[in-house]
Amino acid sequence: MSEQSDAAFEVIQSRGVTDGVDVAFILGTGLGNMADAVENPVSIPYADLPGFPELTVSGHDGNLVIGKQEGVNVAYMQGRSHYYERGQPNCMEVPLETLALLGAQIVVLTAAVGSLNADFYPGNLMLVTDHINLNGMNPLIGAKGDGGFVSMVDAYDQRLQRRFKRATLSSGVNIREGVYMWFSGPTFETPSEVKMARMLGADVVGMSIVPEVILARRIGLRAAAVVIVANFGAGFQGGNPSHSETRQVAAQGAITLKRLIRGFLRIKEAEPQ
Ligand code: HPA
């Protein structure tokens with residue numbers, strides 16, 4: 001762990017957070033108000049936390065909110081930093097390390113995406129089962145020694161996927177399942193890139209989560225990702241994505257995602273077999 005994550009951890013403790021965190025959430029574009037569900041929240045601006053992102057895009061609030069939800073100790077990051085903001089694939093390393101120092105063993109990533117699957121409509125939720133990264137970028141490039149050889153076989157934790165699927169039953173929320181392909185952004189894809197991604201087997205495209213999953217796996221956090229379809233991908237089913245549409249559709253989807261997460265937190269996880 002870095003000096004910055006140690007320092008961020010100390011700031012958090014100095015704000016009166018004494019209980020460990022069980023589950024951490026990273027909220028994508030337009031999803032910040034999902035943290036409203038936290039009881040007795042301690043909210044700390046990223047600006048007070050060494051190594052936390054200085055946010056440059058709209059739709060991200062920039063606070064770490066810690067408290068209880070459904071009897072579980074939770075932390076919500078309201079907004080993330082993306083590779084495309086400064087060209088650093090490891091820009092979420094310190095926040096993830098800090099969440100681990102707080103005791104989190106599970107991190108749930110959320111984001112808005114473009115759909116490449118004719119059955120996945122704007123407003124739908126999708127559980128990510130795997131990803132494709134052909135960006136040529138990886139947050140572990142330059143990792144010392146053998147530390148970068150992280151297995152990606154179970155990158156999206158099976159037990160967490162089952163827990164989310166069980167939560168759909170109790171919460172009455174429908175969820176799709178599929179593969180996420182990471183594009184660097186900040187431009188949206190071209191129609192030809194969208195066509196290529198479909199041919200490669202992707203169901204959605206997006207500009208986040210992949211470097212975070214890799215960093216999370218490196219430090220032993222179990223990861224899951226639930227994404228909201230904001231639009232059809234460029235040129236697919238008439239898709240012509242924009243940031244304002246992403247923000248708007250994601251904010252609507254946040255209501256359903258909130259219900260799903262409530263259901264998820266209520267479920268006690270079975271021990272690994
Ligand atoms: N492509 C990439 N990222 C996105 C999209 C998209 O179509 N929609 C929302 N985030």
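Preceding this paragraph is the structure being described.
If you're wondering where the values come from, they're calculated on a predicted model, not measured in any experiment.

The next point concerns the pairing of strand β6 (residues 125-132). Most of β6 is tucked away, with six of its eight residues classed as buried. When β6 meets strand β9 (residues 222-232), the two strands line up antiparallel, connected through three bridges. Bridging from a neighbouring strand, L125 pairs with I228 of β9. Pairing of β6 with strand β7 (residues 176-182) involves six bridges; the strand directions are parallel. By the bridge assignment, I132 is partnered in β7 with M181.

This paragraph deals with the pairing of β7. Most of β7 is tucked away: five of the seven residues are buried. As paired strands, β7 and strand β8 (residues 204-206) are joined by three bridges and run parallel to one another. For Y180, the partnering residue across the bridge sits in β8 and is V204. Regarding topology, helix α5 (residues 191-200) serves as the crossover connection from β7 to the parallel β8, and that connection is right-handed.

On to a nonpolar patch on the surface. The grouping of L134, M196 and L200 at the surface amounts to a nonpolar patch, some 290 Å² of accessible area in total. By the secondary structure assignment, L200 is in helix α5.

So, about the packing of aromatic side chains. Under the counting rule described, the total for this entry stands at six aromatic pairs. Ring geometry for F232 versus F236: centroids 5.8 Å apart, planes at 75°, classification edge-to-face. This pair shows no difference in class: F232 is buried, exactly as F236 is. Here the aromatic residues Y121, F232 and F236 are joined through ring pairs into a cluster of three or more. R163 extends its terminal NZ or CZ atom over the ring of F264, reaching a point 4.1 Å from the ring centre.

Another aspect to go through is the site of the ligand. Taken together, A112, V113, G114, F188, E189, V205, G206, M207, N231, P241 and T246 make up all the residues around the ligand. Taking E189, its side chain carries an N or O atom lying 2.8 Å from a nitrogen atom of the ligand. The fraction of the free accessible surface of the ligand (260 Å²) that becomes covered by protein chains is 96%. Among the cavities detected, the one that contains the ligand is the largest pocket.

Any two side chains of opposite charge can pair, on the condition that their charged atoms come close. The full count for this structure, using the stated rule, is five salt bridges. When the shortest N-O distance is used, the salt bridge between D48 and R15 registers 3.2 Å. With D48 in the loop between β2 (39-45) and β3 (63-69) and R15 in the loop between α1 (3-14) and β1 (23-27), this residue pair connects regions lying 33 residues apart in the sequence. Judged by its relative accessible area of 37%, R15 falls in the partly exposed class. Note that R266 is salt-bridged to E70, the shortest N-O span being 2.9 Å. Within this pair, whereas R266 is found in helix α7 (residues 243-266), its partner E70 is found in the loop between β3 and β4 (72-78), the two being separated by 196 residues in sequence.

Before going further, it helps to examine the layout of surface pockets. In this model, the largest pocket occupies a volume close to 350 Å³. T29, A112, F188, M207 and T246 are, among the 25 residues lining the largest pocket, the residues nearest its centre. Tallying contributions element by element places strand β5 (residues 106-115) first for the lining of the largest pocket, with four residues.

Criteria and cut-off values
- Residues numbered from 1 in each chain as written.
- Predicted model: local features only at pLDDT ≥ 70, side-chain atom pairs only at ≥ 80, totals over all residues.
- Heavy atoms only, no water.
- Buried < 20%, exposed > 50% of the residue type's maximum accessible area, 1.4 Å probe, protein only.
- Helix = DSSP H or I, 4+ residues; strand = E, 2+ residues; numbered from the N terminus.
- Pairing = 2+ DSSP bridges.
- Right-handed = clockwise from strand over helix to strand, strands pointing away.
- Patch = residues over 30% accessible without salt bridge, like charges linked within 9 Å, V, L, I, M, F, W, Y side chains within 5 Å.
- Areas by Shrake-Rupley, 256 points an atom, 1.4 Å probe, with all protein chains shown as cover.
- Salt bridge = Lys/Arg side-chain N within 4 Å of Asp/Glu carboxyl O.
- Phe/Tyr/Trp six-rings, centres within 6.5 Å; stacked < 30°, edge-to-face > 60°.
- Lys NZ or Arg CZ within 6 Å of the ring centre and 35° of its normal.
- Near = heavy atom within 4 Å.
- Polar contact = N/O pair within 3.5 Å; in protein donor to acceptor, adjacent residues only side chain to side chain.
- 1 Å grid on protein atoms, 1.4 Å probe; cavity = no way out; pocket = protein on both sides within 12 Å on 5 of 7 lines; lining within 4 Å.
- Sits in = over half its atoms within 2 Å of the grid points.
- Points joined across faces, edges and corners; volume = space filled by probe spheres on them.

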